[in-house]
Amino acid sequence: MPTILNISEFLDMGANGPVFDVRSPAEYKKGHIPGAINAPIFDDAERASVGTAYVKQGREQAVIKGLELIGSKMHVYAKNMLSTCAEKTAFIYCWRGGMRSRSVAFLLEMAGCKAFLPEGGYKSYRNLLLREFEKDSNVVVLGGLTGSGKTDCLLELERLGGQVLDIEGIAKHKGSAFGHIGLEEQPSTEHFQNLLFEKWHTFDLTKPIFLEDENSDLGKVNLPEPLFAKIRSSNIIILEMPVNIRVQKLVTEYTGTDDELLTAAVKRLERRLGSENMQKAVSDIENGNYHGACEILLTYYDKAYLKSVDNRDKQTIVNIHTDTADARTNAELILKQLKEHQWNRTR
């Protein structure tokens with residue numbers, strides 16, 4: 001018989017793997033436990049046909065339909081999975097920890113491989129994720145106007161030994177109308193949240209966790225609600241940097257990318273920039289005047305960000321002025337300020 005674990009035990013023990021997600025490819029693509037191997041007992045079309053049988057004819061006929069589909073390829077399926085289980089141990093899950101994962105576990109145990117299942121399946125993992133983000137934690141938000149190099153600072157803080165959640169790196173998006181340019185395709189919202197949790201799960205919640213001030217959505221993905229609530233209520237260190245340094249930072253970042261994508265992003269901001277400013281920014285990009293375009297865009301982004309800061313509790317805000325875009329220098333300033341400032345450490 002397979003061993004049933006609670007989801008936390010399953011994740012801890014499964015770190016030594018292998019972990020198998022036996023749901024369909026479409027379910028797996030939507031979101032899965034990071035690091036899990038997709039070993040679907042049914043492909044997408046087969047899963048749909050079993051589901052149809054369940055709805056129209058009941059559980060018994062759905063089971064028979066499933067056996068018909070898997071029967072002829074069961075030996076190949078088992079052989080492929082066993083070849084991955086070097087230690088004769090497998091961690092297996094499906095959506096609710098029901099028929100699919102239990103059937104695969106039974107098959108592997110018949111072949112001498114010890115199987116472990118999470119109680120409640122993948123659904124219990126998603127519930128755990130939300131509960132963990134709700135826990136009190138020592139979150140320190142890094143804020144600042146567009147072009148302040150916040151992501152560079154976060155990565156430097158991590159190199160200096162800090163706990164860092166790089167939300168934009170995981171989202172494959174920088175959070176603005178230009179945030180997708182030059183980056184890979186975004187994950188689904190569900191899997192984005194799973195990847196955030198994979199990192200979050202490694203943190204000591206009593207020690208500072210640095211992350212960037214973000215909106216609830218980054219491109220096509222959304223933050224878990226409990227995490228977004230922390231960003232809005234936690235202590236924030238705001239980098240203040242001269243506009244000329246910020247403009248140069250943005251010019252360096254976006255020069256050499258796709259000008260068509262840049263102009264398309266600017267045009268989407270017409271309502272906020274105004275038609276005249278939008279057209280001027282597009283013209284500047286087309287003529288290679290990236291500095292001029294950035295100066296126009298910063299008038300909008302600066303105004304929007306300052307408005308969001310005004311909505312914060314002033315007791316949670318500390319401002320740091322810097323005259324450099326050097327990430328190491330600014331990261332050290334942040335750590336110095338954090339050490340000197342007395343805040344309520346958990347939220």
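This section reports on the structure supplied with the text. Quantities reported herein were computed from a predicted structural model and do not represent experimental measurements.

Another point: the overall build of the protein. Of the regular secondary structure elements, the protein holds 17 helices and 12 strands. In terms of overall dimensions, the protein has C-alpha extents of about 70 × 45 × 35 Å along its principal axes. Evaluated residue by residue, the protein yields a buried proportion of 47% over its 347 residues. Within the protein, residue pairs in contact and separated by at least 24 positions form 74% of the contacts whose partners lie at least 6 positions apart. Charge separation in the protein, taken as the distance between the mean sites of 43 positive and 47 negative side-chain charges, equals 5 Å.

Mapped onto the elements of the fold, Arg-246 is located in helix α12 (residues 243-254). Note on Arg-246: relative accessible area 3%, which makes it buried. Here Met-241 takes part through its backbone oxygen, which lies 3.4 Å from a polar atom of the side chain of Arg-246. The contacts of Arg-246, once residues within four sequence positions are left out, are Leu-145, Thr-146, Gly-147, Ser-148, Met-241, Leu-298 and Asp-302.

Here we come to the pairing of strand β4 (residues 89-93). Within β4, 5 of the 5 residues are buried, which leaves the element mostly enclosed by the surrounding structure. Of the two faces of β4, the one holding Thr-89, Phe-91 and Tyr-93 and the one holding Ala-90 and Ile-92 are both buried throughout. Two strands pair when backbone bridges link them, and strand β2 (residues 19-21) and β4 are joined in this way by 3 bridges, in the parallel orientation. By the bridge assignment for β4, Asp-21 is matched with Tyr-93. With 3 bridges joining them, β4 and strand β5 (residues 114-118) adopt parallel strand pairing. Looking at β5, one finds that Phe-91 is bridged to Phe-116.

Counted by the stated rule, this structure contains 12 aromatic pairs. For the ring pair Tyr-93 and Tyr-122, a centre distance of 6.0 Å and an interplane angle of 20° mean the geometry is stacked. Here Tyr-122 lies in helix α7 (residues 121-134) and Tyr-93 lies in strand β4, a separation of 29 residues in the sequence. Judged by relative accessible area, Tyr-122 falls into the buried class, the value being 1%. Each ring, one from Tyr-122 and one from Tyr-125, has its centre 5.9 Å from the other, and the planes form 25°; the classification is stacked. Placement of both Tyr-122 and Tyr-125 in helix α7 is noted, with a separation of 3 residues, approximately one turn of the helix.

A separate point is helix α5 (residues 74-82). For α5, the set of buried residues is Tyr-77, Ala-78 and Met-81. Considered in projection along α5, the buried side chains sweep an arc of 95° and stay on one side of the axis. In α5, those exposed residues whose orientation departs by more than 90 degrees from the buried face are His-75 and Lys-79. Tucked into the core, α5 has its buried residues touching β2 and α6 (99-110).

Taking 1.5 Å per residue as the helical rise, helix α10 (residues 189-200) with its 12 residues ought to reach 16 Å, and the 16 Å between its terminal C-alpha atoms agrees with that figure. Taken together, the buried positions of α10 are occupied by Glu-190, His-191, Phe-192, Gln-193, Asn-194, Leu-196, Phe-197 and Trp-200.

The subject of this paragraph is the nonpolar core. Grouped burial of nonpolar side chains is what soluble globular proteins tend to show. Core analysis: the biggest nonpolar cluster contains 40 residues, and Leu-165, Ile-167, Leu-196 and Trp-200 have the highest contact counts within it. At 5 residues, α7 tops the list of elements feeding residues into this core. Those residues in contact with Leu-196, other than ones at most four positions away along the chain, are Phe-133, Leu-165, Ile-167, Ile-170, Leu-223, Pro-224 and Leu-227. Counting residues in hydrophobic clusters, the runner-up holds 23 residues, among them Tyr-254, Leu-262, Ala-265 and Tyr-301.

Parameters and conventions
Residues numbered from 1 in each chain as written. Predicted model: local features only at pLDDT ≥ 70, side-chain atom pairs only at ≥ 80, totals over all residues. Heavy atoms only, no water. Helix = DSSP H or I, 4+ residues; strand = E, 2+ residues; numbered from the N terminus. Buried < 20%, exposed > 50% of the residue type's maximum accessible area, 1.4 Å probe, protein only. Contact = heavy atoms within 4.5 Å. Lys, Arg positive; Asp, Glu negative; His and termini not counted. Charge placed at Lys NZ, Arg CZ, Asp CG, Glu CD. Polar contact = N/O pair within 3.5 Å; in protein donor to acceptor, adjacent residues only side chain to side chain. Pairing = 2+ DSSP bridges. Phe/Tyr/Trp six-rings, centres within 6.5 Å; stacked < 30°, edge-to-face > 60°. Arc of directions from axis to C-beta. Expected span 1.5 Å × (residues − 1). Core = buried A, V, L, I, M, F, W, Y, C linked by side-chain atoms within 4.5 Å.

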